[in-house]
Amino acid sequence: QVQLVESGGGLVQTGGSLRLSCVASGRTFSRYPMGWFRQTPGKERDDVAAISWSGGSTRYSDSVKGRFTISRDNGKNTLYLQMNSLKPEDTAVYYCARKNMAFGEAITNAYEYDSWGQGTQVTVSS
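All values derive from a computational prediction rather than experimental measurement.

Caption draft 1: Representation of the side chain of S61 within the structure. Note that S61 resides in the loop between β6 (58–60) and β7 (68–73). Take S61: its relative accessible area is 10%, and that puts it in the buried class. Among all residues touching S61, those that are not within four sequence positions of it are D47 and V48.

Caption draft 2: Region of interest: the pairing of strand β4 (residues 34–39). Within β4, five of the six residues are buried, which leaves it mostly tucked inside the rest of the structure. Pairing between β4 and strand β5 (residues 46–51): five bridges, direction antiparallel. Bridge pairing in β5 links M34 to I51. Two elements, β4 and strand β9 (residues 92–99), share six bridges in a ladder whose sense is antiparallel. The partner of F37 across the bridge, within β9, is Y95.

Caption draft 3: Focus on the environment of Q3. Here Q3 shows up in the segment before β1 (4–7). For the pair Q3 and R31, spaced 28 residues apart in sequence, the C-alpha to C-alpha distance is 15 Å. When residues no more than four places from it in sequence are discounted, the contact partners of Q3 are V23, A24 and S25.

Conventions and cut-offs
- Residues numbered from 1 in each chain as written.
- Predicted model: local features only at pLDDT ≥ 70, side-chain atom pairs only at ≥ 80, totals over all residues.
- Heavy atoms only, no water.
- Helix = DSSP H or I, 4+ residues; strand = E, 2+ residues; numbered from the N terminus.
- Buried < 20%, exposed > 50% of the residue type's maximum accessible area, 1.4 Å probe, protein only.
- Contact = heavy atoms within 4.5 Å.
- Pairing = 2+ DSSP bridges.

If you want it as structure tokens, here you go:
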């Protein structure tokens, strides 16, 4: 089972930026599509962004399109989420996840992911 460890969360003012990282254990990171999701208390987990195994295709939720960028460095087993122009509504716990099947395109459906990190808190103050 892969282990995913997120970092980079914190407190930032509206309009600010943060970059989240997710380091994966093992040697199979490069084979799997990956995704970022977020959750606030009392709500379901929402998709944020996804990236194909090769990094060649990405998908974003409408709420973050144009502000967030997902990327990966397969040589470092690391997934990134660059978040710019942050808004208070972006406040959430952010999770990285690995899709349940190797290869394939970017998918934002959380039910297709079976390995999750512990999450990192992002708080955007107004």
